[in-house]
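# Tertiary structure, described
Now for the letters of each chain:
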Amino acid sequence: MSGTITKVSGPLVVAEGLADANVSDVVRVGSQRLIGEILNMTGDRASIQVYEETSGLGPGALVETTGMPMSVELGPGMLDNIYDGIQRPLPEMRALTGDNITRGTDVPALNREKKWDFVPVAKIGDKLVAGDVLGTVQETSAILHKIMVPYRVSGELVRIESGEHTVTDVIAVLKDEKGKEHELTMMQRWPVRIARPYTRKYVPSRPMNSGQRIIDTLFPIAKGGTAAVPGPFGSGKTVVQHQLAKWSDVDIVIYIGCGERGNEMTDVLMEFPELKDPRNGEPLMKRTVLIANTSDMPVAAREASIYTGITIAEYFRDMGYDVAVLADSTSRWAEALREMSGRLEEMPGEEGYPAYLASRLAQFYERAGVVECLGSEDRQGSVTAIGAVSPPGGDISEPVSQATMRIVKVFWALDSSLAYARHFPAINWLTSYSLYLEGLGPWYNEQFGEAYMKNREKAMHILQEESELQEIVRLVGQDALSPADRLTMETAKSIREDFLQQNAFVDEDAYSSYLKQFKLMALVLRFDSLCREALDKGANMNKLFAIDARERIGRAKTVDVNEFERVYAEIEAQMQREIEEVIAGGEDA
Amino acid sequence: MLGRVFNGMGQPIDGGPAILADAHMDINGLPMNPAARAYPAEFIQTGVSTIDGLNTLVRGQKLPIFSGSGLPHAALAAQIARQARVLGDNETFAVVFAAIGITFEESEYFINDFRRTGAIDRTVVFSNLANDPAVERIATPRMALTAAEYLAFEKDMQVLVILTDITNYAEALREVSAAKKEVPGRRGYPGYLYTDLATMYERAGRRQGKKGSITMIPILTMPEDDKTHPIPDLTGYITEGQIILSRDLHRKGIVPPVDVLPSLSRLKDKGIGVGKTREDHAGTMNQLFAAYSRGKDAKELMTILGEAALSDDDKLFAKFADEFERRYVSQGNSTNRSIQETLDLGWELLSILPRRELKRIKPEMIEKYMPKEQ
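In this report, we go over the structure that sits alongside the text. (Residues numbered from 1 in each chain as written. Chains lettered and ligands numbered in written order. Predicted model: local features only at pLDDT ≥ 70, side-chain atom pairs only at ≥ 80, totals over all residues. Heavy atoms only, no water.)

### Points about the overall build of chain A
Looking only at helices and strands, chain A has 17 helices and 26 strands in total. Here the C-alpha atoms of chain A give a radius of gyration of 28 Å, agreeing with the 25 Å that 2.2 N^0.38 yields for 589 residues. Reported as C-alpha extents along the three principal axes, the dimensions of chain A are approximately 95 × 55 × 40 Å. The buried share among the 589 residues of chain A stands at 60%. (Helix = DSSP H or I, 4+ residues; strand = E, 2+ residues; numbered from the N terminus. Rg over C-alpha atoms; globule rule 2.2 N^0.38 Å. Buried < 20%, exposed > 50% of the residue type's maximum accessible area, 1.4 Å probe, protein only.)

### Let's talk about the interface of chain B and chain A
Interface size is often expressed as the accessible area that is lost when the parts come together. At the junction of the two partners, chain B supplies 64 residues and chain A supplies 60 residues. Both sides of the chain B and chain A interface together cover about 5,300 Å² of buried area, and 51% of this is carbon and sulfur. If you look at where chain B meets chain A, you find 6 salt bridges. For Asp498 of chain A, the salt bridge goes to Lys359 of chain B, with nearest N and O atoms at 3.3 Å. Our count for the chain B to chain A interface comes out at 28 residue pairs in polar contact (both at pLDDT 80 or more). (Contact = heavy atoms within 4.5 Å. Buried area = accessible area lost by both parts, 1.4 Å probe. Salt bridge = Lys/Arg side-chain N within 4 Å of Asp/Glu carboxyl O. Polar contact = N/O pair within 3.5 Å; in protein donor to acceptor, adjacent residues only side chain to side chain.)

### A short note on helix α11 (residues 312-329) of chain B
All names here are of chain B. The end-to-end C-alpha distance of α11 is 25 Å, a good match for the 26 Å that 18 residues give at a rise of 1.5 Å each. Along α11, the helix axis deviates most sharply at Glu323, where the bend reaches about 30°. Residues Asp313, Asp314, Phe317, Ala318, Phe320, Ala321, Glu323, Phe324, Glu325, Tyr328 and Val329 constitute the buried set of α11. Against the buried residues of α11 lie α1 (49-54), α8 (247-251), β13 (258-265), α10 (281-305) and α12 (339-350). (Expected span 1.5 Å × (residues − 1). Bend = angle between axes of the 7 residues up to and from the residue.)

### With respect to unusual backbone geometry
All names here are of chain B. Cis rather than trans, the peptide bond between Thr164 and Asp165 has omega equal to 15°. Inspection of the secondary structure assignment puts Asp165 in the loop between β9 (158-164) and α5 (166-179). The peptide bond linking Val255 to Pro256 adopts the cis configuration, its omega dihedral lying at -10°. Residue position: Pro256 is located in the loop between α8 and β13. Of note in this structure, Asp225 is not a glycine but carries a positive phi near 55°.

### Concerning the environment of Ala426 of chain A
Residue and element names in this part refer to chain A. Assignment of secondary structure puts Ala426 in the loop between α9 (416-420) and β26 (433-434). Here the alpha-carbon distance between Ala426 and Tyr51, two residues 375 residues apart in the chain, equals 35 Å. In this view, Ala426 contacts Ser235, Ala413, Leu414, Asp415, Leu418 and Ala419; residues no more than four positions away in its chain are not counted.

### Topic: the pairing of strand β15 (residues 170-175) of chain A
Residues and elements named next belong to chain A. In terms of strand pairing, strand β13 (residues 155-160) meets β15 through 4 bridges, oriented antiparallel. Among the inter-strand pairings, Leu157 is bridged to a residue of β15, identified as Leu174. Relative to strand β16 (residues 181-185), β15 runs antiparallel, the two being bridged by 5 bridges. Bridging from a neighbouring strand, Val170 pairs with Thr185 of β16. (Pairing = 2+ DSSP bridges.)

### Examining the packing of α10 of chain B against α12 of chain B
Residues and elements named next belong to chain B. The interhelical angle for the contact between α10 and α12, taken along N-to-C directions, is 50°, at an axis separation of 10 Å. Relative to α12, the element α10 lies oblique. Helix-helix and strand crossings are classified by hand; for α10 and α12 the assignment is left-handed. Together, His281, Thr284, Gln287 and Leu288 of α10 and Ile339, Leu343, Gly346, Trp347 and Leu350 of α12 make up the contact between the two elements. Its residues assigned to classes, the contact of α10 with α12 comprises 5 nonpolar, 4 polar and no charged. (Axes fitted to C-alpha atoms, helices over the stretch in contact; angles between N-to-C directions. Parallel < 35°, antiparallel > 145°, perpendicular 65-115°, else oblique. Left-handed = near helix turned anticlockwise from the far one by under 90°. Nonpolar A, V, L, I, M, F, W, Y, C, P; charged D, E, K, R; others polar.)

### Focus on the environment of Met93 of chain A
Within the secondary structure layout, Met93 of chain A lies in helix α1 (residues 90-97). Looking at Met93 of chain A, the relative accessible area reads 1%, which means it is buried. Spatially, the C-alpha atoms of Met93 of chain A and Tyr83 of chain A are 9.6 Å apart, while their sequence positions differ by 10 residues. Sequence-distant contacts of Met93 of chain A, defined by excluding residues within four places in its chain, comprise Arg88, Gly98, Ile101, Thr105 and Val107 of chain A together with Asn33 of chain B.

### Some points on the sheet that holds strand β3 (residues 43-45) of chain B
If you trace the 3 strands from one edge of the open sheet to the other, you get β4-β3-β6 (chain B), paired in antiparallel fashion. Of all strands in the sheet, those bounded by a partner on one side alone are β4 (57-58) and β6 (85-86) of chain B.

### Quick word on the packing of helix α3 (residues 237-247) of chain A against helix α4 (residues 262-271) of chain A
All names here are of chain A. Remark: α3 packs on α4, axes separated minimally by 12 Å, with the N-to-C direction vectors making an angle of 25°. Here α3 lies roughly parallel to α4, going by the angle between them. Crossing handedness for the pair α3 and α4: right-handed. Along the contact surface, α3 presents Thr238, His242 and Lys246, while α4 presents Glu264, Asp267, Val268 and Glu271. When its residues are assigned to classes, the contact of α3 with α4 shows 1 nonpolar, 2 polar and 4 charged.

### Re the side chain of Glu303 of chain A
Residues and elements named next belong to chain A. Mapped onto the fold, Glu303 is located in helix α5 (residues 299-318). There is a polar contact of 3.0 Å between the side chain of Glu303 and the side chain of Gln49. If we ignore the near neighbours within four places in the chain, the residues touching Glu303 are Gln49, Tyr51, Arg193, Trp333, Ala336, Leu337 and Arg360.

Geometric values such as these leave the question of function open.
Here's what the structure looks like:
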């Protein structure tokens, strides 16, 4: 089935004579057989978005439809790998075509030659339904890949093979009710634009531990939740995303570099194999899938990369894993959408973005969630979606930020003024929010007692008050404040500098366990309550603020994991002693 | 090609003979496979304290200079081109300079500077002046980058590419886009400006298994000094940081007028520290930033309320901010400071502050490097 090109405009190609093709079919364009997808059809005219550079194409060239929707290959071999936006493995492309990406390269997503050791779980005679586990493959040292019965297939298991197989070998045969036999392989395909099915969805109730103090303590995200990280350039979006990819307590991380810098992807590629997961000591790369569509790669594939990523995430979720999808940046994805929409000559909505921007964004984020997976076994998995947003000029009144804010439950607003002062992570504590607090509260209370959330509230209150007091200071100066207010300002400064600031590049500080966060916050707030008592007893304010223990609080966050409980107790004792000395010294000594 | 001057379409205009081509390459280039990139991590000493000490440049980075009309960005770029070197390294170094729609005088300034310092022998110049056709302007940076790719990845050279001025390039792109009757995006620039700029900027970098590298310093003038204008905005989202020049500092007579706080080098953390610069670099860098930021806040407060309203600490911070601008930032266009000098100067300035405020530096470092009080 083939047609001919009548028009080429950037990544958009219009072809005639494709009456039998359907919308969202994958097509091959021109003699270089570039990969494209049909966006819309009028009669036998198809508008095609081509995922590769189209220069050199012209009217008259052939277009061939494959009759299949845009799909990904799912099976062993995805972890520890790096793909482009339409799931072509980049290392293998490099071996084939050199350091640059040439056009029309056709490489299967999953290596067809590599053999995996398949260990059957199901037994002959078992009645299986879609989602049931046939067997397992130890894909990497960190992850056990479960091979599941694909969607819409069920029946009695009549044959199952163990041992070394490639992804295309038949490893099991199912006989359905009508007596028809289905041959199953370790690989399945799934169209990227359709969410994978599940049995039931739940409201998220467990937090995702990110090891980042401002996130875990002030604005937590739930497993299966959605979050956005907006910020102008240079405010540290990518570092926040990297930190989440490194330290989140999920089983699988899908990192989508969508229209961002090539060197950032290289950074992940070089760094992740070296870093160890704090929970099991395995290299982080063993649980990571990278999707890289850097800004110099074709714009249409950028649009697809988000879907490729979330589909792979859903596949791992179906195995019962907790998965995090990090997309950096959804603004580039929206811009790709805008570019295609402009070329299709659609009626533009706000700022030239297509009118369906908000619904597309919502569709993406709605694919996150905690679900009960298909299959007869009780299995729960989750997909957590975190998207970076790059608003032009840092102004979040623009359409992509606004549409995102309406959907996501957690909002970590990055602030350039914090970044300039090198306060990292530059998440603004006044404008950020998390709507999961209520849902997660019971979990925190169960783990650490009610003090955790009480301390959080107190800290937020102090920070809030500080911003009001700063207004006054700006007008009339610091001397106009009462000692109690001065103390609030001092404590707020301590919360900001000693608790919220976290250096991603210092090993002891990059990851904070819940317990360490809890103790550190308690320590900072202890200073506040002790000083308040002391001020009531008439102690000298300036002396209170200058006690030596404060320098130790300032360094407390970098104390080693194994020592912090002892050290914090020491600091607290020292602080108590010094404050008592100041009280004894009285008002003016 | 080295030592030659070409026009925006790659024809020689220096009166010399035509080039005997070794290789013909497509100037549009191809996207680099992210799996083939090598991460930039080698420190480049530019001799400029605000860059070396605070916004470190590394090999393979793309670090633009955001400037404004009338600010001395040309002097800074020329200074970097002149002084840049990798510590303890004797590899061949080349400069590719692309003049994009700039005036004759500006272009001559660079070429003369290269001639004067002898740098011209290792420089390739592509020159598209303000009165050359705008369409050529779109090809000029691509010519330059293709030449740079050839020198870096075929001839193993360390190439520094200077593109000036990207604003003119974007304007030419807009002109052509309007002529093609395309739907305009923000401020009339085409919707694909981001992608277009990215295909140029992303050609900087290093590749695994190749010795050469391309480091890029694009210069752009921000219309009305507005950082949120589409050109600097989109550039900032693609490049690995930015050096911003400030009109205020320029008026104060500070040379080069680098506005330290909003400037940033994203790759600095990989290029500094033990074995690259010095172990105390990261800590002092963060401390200088934080202290300067607080000092500037204090100074602002002082102008409203007078000096009496400041706490003793804040007074010290204000003093620090002044000294920092006067001694650290303002070094002149001919001073070439080694990284050791830069770091030591940082310590000297930090000694103004009370020690308990130096929370970002490890205590061992303070013991080791803080100048002893007389």
